[in-house]
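Coordinates in review
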Amino acid sequence: KSTQHASLKQFRQVKEEINQVYAQISAYIDECLEFFNSDCSANTPGAIGDAASAKVEEACFARILTPAAVQSVTDFRAKVRGIREVISRNQMKCAFFGRTSNGKSTVINAMLGRKVLPSGIGHTTNCFLQVEGTSKQSAYLQTPNSSEEQPIESVSQLGSALSNEKMDCESLVRVFWPKQLCSLLREDVVLLDSPGVDVSPDLDTWIDQFCMDADVFILVCNSESTLMNTEKKFFHKVGSKLSKPNVFVLNNRWDCSDGELDSAELVRKQHMDKSVSFLADELKSCTRSEAESRVYFVSAKEALVNRLKETNQGLESPSPAGSLADGWQSRYFDFKNFEREFELILSESAIRTKFAAHAEQGRHIAGQMFSILEAVYEGSVEEKDSAVRQRQALQRDLENLRVRNAKVAASTERDIRQTLEGIERKVAGTLSE
Ligand code: GDP
């Protein structure tokens, strides 16, 4: 259990680490601003009542700390706040596409280990459904028309709530599911179910609105038919907007073909060849050998049955549709292999795309802050040096003055003495006469 979602946990670790770094930058900025805004006269206790000296001190502070520097640091504070908020909201996003009824909702449920999304005939997903975790105790949904949290009591209630809402295929309904009930959602994973690509959507709008921040795409195919042009077209569009998208191909409903032993191997090989060539040669999203680890033959329905059994949920709700067909073990094995590879690629891609830019921004801000504070420091050293130079010049002037004074005093004394002597001589002469 401790190794469960090991690669996904890395995302959380990186998120925590980068958040800590930003907390340090934030504290550093706050400290700087506190210093910048501190009353400079408070630093000159010797100048009590000396208004002129306080003014000089203030002018000196203004020279060292330019308004532009203060403004930059204030701007950094707002920027860092914004980035920290974005980081805390960052999640790993996986988007599911494929034709209606290929089993997208069932795959999502199997991955979540419970029946979260309605699936099956009559429950066609006609809008985007995003499943994400909540710390709250019970599930709820939010429709695009209101920010109100509508409680979800059951899957069927969610199904009817969705069919009651008038929504087009470009709307997004967010389904919040308690994290405590689902380990995948605890790891900050968001799963996006889409309307079938066969509903002739405006692909540009779909991609621009919902896919630009997706880390992984999963194409859910029906292994009973071949890869369709509508499915390919969608991913070609994705490939033109996002460089090297991470795409997995799930050949679902493999339980329906796998039983026919003679043809199964041949069909599997054909699907594999076509999928690998689509991912590597057409989309150029990965190499051919990488593509081989992006294609799986699964039965989402059986995977879900197994997951429900493993957690004893099968007891309260009947299994999705029948039981497990022969050879289910290898299909479930392939499903688990898919999940392991998917989690690895998801967390790698999310760490790179979601945090690399923030790490770069953090480095830039720290660098800028360093330059500003270095300039402030150099300014203050310069001020100090010039004050020392001024004091030395004053001392030199004073010394000169003292020497001159002494000289003047000495010569004056001599003059006076000579004058006095002259007078004395005159008086003595007059008296003797
Ligand atoms: P979506 O429209 O792509 O979301 O497809 P759903 O998940 O709603 O599935 C459509 C129907 O196919 C449902 O009745 C599912 O129970 C069934 N289904 C899904 N996956 C499988 C599978 O692997 N094998 C079989 N036999 N049926 C499946």
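Residues numbered from 1 in each chain as written. Predicted model: local features only at pLDDT ≥ 70, side-chain atom pairs only at ≥ 80, totals over all residues.

An unreviewed UniProt entry lists the protein under the name Dynamin-type G domain-containing protein, from Macrostomum lignano. What the UniProt record of the protein gives under Subcellular location (unreviewed entry) is the line "Mitochondrion outer membrane". (UniProt positions renumbered as here; feature names shortened; annotations may be inferred.)

Helix and strand content of the protein: 13 helices and nine strands. Overall, the protein is about 160 × 45 × 45 Å in size when its C-alpha atoms are taken along their principal axes. Across the 433 residues of the protein, 30% fall into the buried class. In the protein, of all internal contacts separated by at least 6 residues, the share reaching a separation of at least 24 is 81%. (Helix = DSSP H or I, 4+ residues; strand = E, 2+ residues; numbered from the N terminus. Buried ≥ 20, exposed ≤ 12 C-beta atoms within 10 Å, placed from the backbone. Contact = placed C-beta atoms within 7 Å.)

Bringing the packing of helix α2 (residues 51-64) against helix α13 (residues 328-432) into the picture now. Running from N to C, α2 and α13 cross one another at 140 degrees; their axes reach a closest spacing of 8 Å. Classed by the angle they form, the pair α2 and α13 counts as oblique. Between α2 and α13 the crossing geometry is right-handed. In contact with Cys60, Arg63 and Ile64 of α2, α13 contributes Val376, Gly379, Ser380 and Glu383. A class-by-class count of the residues in the contact of α2 with α13 yields three nonpolar, two polar and two charged. (Axes fitted to C-alpha atoms, helices over the stretch in contact; angles between N-to-C directions. Parallel < 35°, antiparallel > 145°, perpendicular 65-115°, else oblique. Left-handed = near helix turned anticlockwise from the far one by under 90°. Nonpolar A, V, L, I, M, F, W, Y, C, P; charged D, E, K, R; others polar.)

Here the focus is the nonpolar core. Soluble globular proteins tend to pack their nonpolar side chains together in the buried interior. Residues Cys94, Leu219 and Leu250 are the most contacted members of the largest nonpolar core, which totals 69 residues. With seven residues, α13 is the single largest residue contributor to this core. Ignoring any residue separated from it by four or fewer positions in sequence, one finds Cys94 in contact with Val189, Leu191, Leu192, Ala214, Asp215, Val216, Ile218 and Leu346. Tyr22, Ile25, Ile29 and Val80 belong to the second largest nonpolar core, which has 11 residues in total. (Core = buried A, V, L, I, M, F, W, Y, C linked by C-beta atoms within 7 Å.)

Moving on, we get to the environment of Ser101. With respect to the helices, strands and loops of the structure, Ser101 is situated in the loop between β1 (92-97) and α4 (104-112). Remark: the alpha-carbon pair of Ser101 and Gly196, spanning 95 residues in sequence, is separated by 7.8 Å.

So, on to the packing of helix α1 (residues 6-37) against helix α3 (residues 67-89). Two elements in contact, α1 and α3, have axes separated by 10 Å at closest approach and are oriented at 155 degrees. Classified by the angle between their axes, α1 and α3 sit roughly antiparallel to one another. Regarding α1 and α3, the two cross each other, and that crossing is left-handed. Listed contacts from α3 to Lys15, Ile18, Asn19, Tyr22, Ile25, Ser26, Ile29, Cys32, Leu33 and Phe36 of α1 are Val70, Val73, Thr74, Phe76, Arg77, Val80, Ile83, Arg84, Ile87 and Ser88. Looking at the contact of α1 with α3, its residues break down into 13 nonpolar, four polar and three charged.

Now for helix α8 (residues 229-241). Because each turn of an α-helix spans 3.6 residues, side chains separated by three or four positions end up pointing in the same direction. Relative to the 18 Å expected for 13 residues at 1.5 Å per residue, α8 spans 18 Å between its end C-alpha atoms, a close match to the ideal helical length. Looking at the buried residues of α8, the elements they touch are β1, α7 (203-211), β7 (216-222) and β8 (247-252). (Expected span 1.5 Å × (residues − 1).)

Right, let's talk about helix α12 (residues 300-310) for a bit. Among the 11 residues in α12, nine count as buried, and that is most of the element. Among the residues making up α12, those that are buried are Ala300, Lys301, Glu302, Ala303, Leu304, Val305, Asn306, Arg307 and Leu308. Following α12 by one or two positions, Asn312 adopts a phi angle in the positive range, close to 60 degrees.

Now for the confidence of the model for the protein. Chain-level pLDDT for the protein is 86 on average; 91% of the residues reach the 70-or-more range. In this model, residues 44-48 is a region of pLDDT below 50 whose contacts with residues beyond four sequence positions or in other chains number five contacts. (pLDDT = per-residue confidence, 0-100.)

Take the sheet that holds β7 next. The strand order across the open sheet formed by nine strands is β4-β3-β5-β2-β6-β1-β7-β8-β9, and the pairing between neighbours is mixed. Of all the strands in the sheet, just β4 (150-151) and β9 (295-297) have a single pairing partner and so form its edges. Pairing of β7 with β8 involves six bridges; the strand directions are parallel. By the bridge assignment for β8, Val220 is matched with Leu250. (Pairing = 2+ DSSP bridges.)

Even without a glycine there, the phi angle at Ser101 is positive, about 70 degrees. The phi torsion at Lys244 lies on the positive side, around 45 degrees, for a residue other than glycine. Tracing the backbone shows Lys244 in the loop between α8 and β8. In this structure Lys244 comes out as exposed when scored by C-beta crowding, with 11 C-beta atoms within 10 Å.

Our focus in this paragraph is the pairing of strand β6 (residues 189-193). Burial within β6 is extensive, with four of its five residues counted as buried. Here β1 pairs with β6 via four bridges, running parallel. When the sheet's bridge partners are listed, Cys94 is paired in β6 with Leu191. Sheet analysis places strand β2 (residues 128-134) next to β6, joined by three bridges and oriented antiparallel. Residue pairing in the sheet places Val131 in a bridge with Leu191 of β6.

The next point concerns the environment of Glu421. Among the secondary structure elements, Glu421 is positioned in helix α13. Assessed through the 10 C-beta atoms surrounding it within 10 Å, Glu421 is described here as exposed. Sequence separation of Glu421 and Leu185 is 236 residues, and the distance between their C-alpha atoms is 112 Å.

Counting buried positions along β7 gives seven out of seven residues, so the element sits mostly inside the fold. Judged by which residues are buried, β7 turns out to be covered on both faces: Val216, Ile218, Val220 and Asn222 on one side and Phe217, Leu219 and Cys221 on the other are all buried. In terms of strand pairing, β1 meets β7 through four bridges, oriented parallel. Of the residues in β7, the one forming a bridge with Ala95 is Phe217. For the segment spanning β7, α8 and β8, crossover handedness is right-handed. (Right-handed = clockwise from strand over helix to strand, strands pointing away.)

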